[in-house]
Amino acid sequence: MSETRATTPVFPPGRYGRRRDGRRRRPLALIVAAVVFGVGALGLTWAYYQKFGQTNYSPEIIGWNEPADTAMVIKFRVRVPAGETASCVLRARDYQGYELGTRTVTVPAPDGGGEVVVAETVPTTARASVGDVMSCRPAG
């Protein structure tokens with residue numbers, strides 16, 4: 001007994017309609033839509049980066065004191081551009097990470113701009129263990 005195997009299926013002519021060739025077609029509309037979407041996403045990314053990205057107000061925590069039951073002194077360094085002021089949000093937390101107090105402070109720039117070292121007291125509702133500088137932005 002001998003078998004002949006076909007490499008491609010053979011269909012009776014006209015029975016199943018027109019056969020497609022094996023190539024995938026990429027419609028021009030799909031390519032154009034993908035390019036427009038990519039350009040829009042890049043534009044949105046750039047706009048948000050300009051608004052919220054790089055900032056001249058870069059805070060760095062230096063440390064905090066051995067806290068009392070009702071307050072914590074947080075010491076930090078912030079870079080402030082010349083002629084401007086920074087508004088920084090400070091936070092005190094306990095060991096579990098629960099927020100015990102926050103305070104917003106205003107930091108004026110030194111002559112010519114640059115780094116300022118600040119120590120500020122944050123009132124707390126219980127004994128805190130960690131001090132944070134949440135953010136620093138232009139005041140106003």
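Residues numbered from 1 in each chain as written. Predicted model: local features only at pLDDT ≥ 70, side-chain atom pairs only at ≥ 80, totals over all residues. Heavy atoms only, no water.

Looking at an unreviewed UniProt entry, one finds the protein chain named DUF4307 domain-containing protein and attributed to Actinoplanes octamycinicus.

**Student:** Help me get a handle on the state of the cysteines, residues and values and all.
**Tutor:** Going through the model one piece at a time under the given rule, you end up with one disulfide. Sulfur-sulfur distance for the disulfide between cysteine 88 and cysteine 136 comes to 2.1 Å. One quick way to see it: the torsion about the S-S bond of cysteine 88 and cysteine 136 is about 115 degrees, and its sign makes the bridge right-handed. Of this pair, cysteine 88 sits in strand 3 (residues 85-93) while cysteine 136 sits in strand 6 (residues 130-138); the two residues are 48 residues apart in sequence, bridging distant segments of the chain. Neither residue differs from the other here; cysteine 88 and cysteine 136 are each classed as buried. (Disulfide = S-S within 2.5 Å. Helix = DSSP H or I, 4+ residues; strand = E, 2+ residues; numbered from the N terminus. Buried < 20%, exposed > 50% of the residue type's maximum accessible area, 1.4 Å probe, protein only.)

**Student:** Which residues make up the pairing of strand 2 (residues 71-80), and what values do they have?
**Tutor:** Side chains Met72, Ile74, Phe76, Val78 and Val80 of strand 2 all project onto a buried face; the interleaved residues Ala71, Val73, Lys75, Arg77 and Arg79 project onto a face where none is buried. Where strand 1 (residues 59-64) hands over to strand 2, the hairpin turn is made up of six residues, counted between the paired strands. Sheet topology places strand 2 next to strand 5 (residues 114-123); 10 bridges connect them, and they run antiparallel. Across the sheet, valine 73 pairs through a bridge with threonine 121, a residue of strand 5. (Pairing = 2+ DSSP bridges.)

**Student:** With reference to specific residues and values, describe the UniProt feature "transmembrane region" (unreviewed entry) in the protein chain.
**Tutor:** The feature "transmembrane region" (unreviewed entry), as annotated in UniProt, sits at residues 28-49 in this numbering. With 100% helix and 0% strand, the stretch residues 28-49 has end C-alpha atoms that lie 32 Å from each other. (UniProt positions renumbered as here; feature names shortened; annotations may be inferred.)

**Student:** Report on the nonpolar core, specifying residues and quantitative values.
**Tutor:** Among the nonpolar cores identified, the biggest contains 19 residues, and Phe76, Val78, Cys88, Leu90 and Val107 are the most heavily contacted of them. Among the elements of the structure, strand 2, strand 3, strand 4 (99-108), strand 5 and strand 6 are those that each provide at least two residues to this core. Here the element with the most residues in this core is strand 2; it accounts for five residues. Among all residues touching valine 78, those that are not within four sequence positions of it are Tyr57, Ser58, Pro59, Cys88, Val107, Gly114, Glu115, Val116 and Cys136. (Core = buried A, V, L, I, M, F, W, Y, C linked by side-chain atoms within 4.5 Å. Contact = heavy atoms within 4.5 Å.)

**Student:** So what's going on with the side chain of aspartate 94? Residues and values would help.
**Tutor:** Along the chain, the position of aspartate 94 falls in the loop between strand 3 and strand 4. The charged side chain of aspartate 94 is buried without a salt bridge, its nearest counter-charge being arginine 93 at 7.3 Å. Here glutamine 96 takes part through its backbone nitrogen, which lies 3.2 Å from a polar atom of the side chain of aspartate 94. With near-sequence residues (within four places) excluded, aspartate 94 lies in contact with Leu100, Arg127 and Ser129. (Lys, Arg positive; Asp, Glu negative; His and termini not counted. Salt bridge = Lys/Arg side-chain N within 4 Å of Asp/Glu carboxyl O. Polar contact = N/O pair within 3.5 Å; in protein donor to acceptor, adjacent residues only side chain to side chain.)

**Student:** With reference to specific residues and values, describe the environment of methionine 134.
**Tutor:** On the secondary structure map, methionine 134 appears in strand 6. It is 7.3 Å that separates the C-alpha atoms of methionine 134 and cysteine 88, two residues lying 46 residues apart in sequence. When residues no more than four places from it in sequence are discounted, the contact partners of methionine 134 are Val89 and Arg91.

**Student:** Can you lay out the sheet that holds strand 3 for me, pointing to particular residues and giving the numbers?
**Tutor:** Ordered by their spatial adjacency, three strands build an open sheet running 4-3-6, and the pairing between neighbours is antiparallel. The outermost strands of the open sheet, each flanked by one partner alone, are strand 4 and strand 6. Within the sheet, the average angular offset between the axes of one strand and its neighbour, ignoring direction, is 20 degrees. Strand direction decides the pairing type here: strand 3 and strand 6, joined by eight bridges, are antiparallel. Bridging from a neighbouring strand, serine 87 pairs with arginine 137 of strand 6. (Axes fitted to C-alpha atoms, helices over the stretch in contact; angles between N-to-C directions.)

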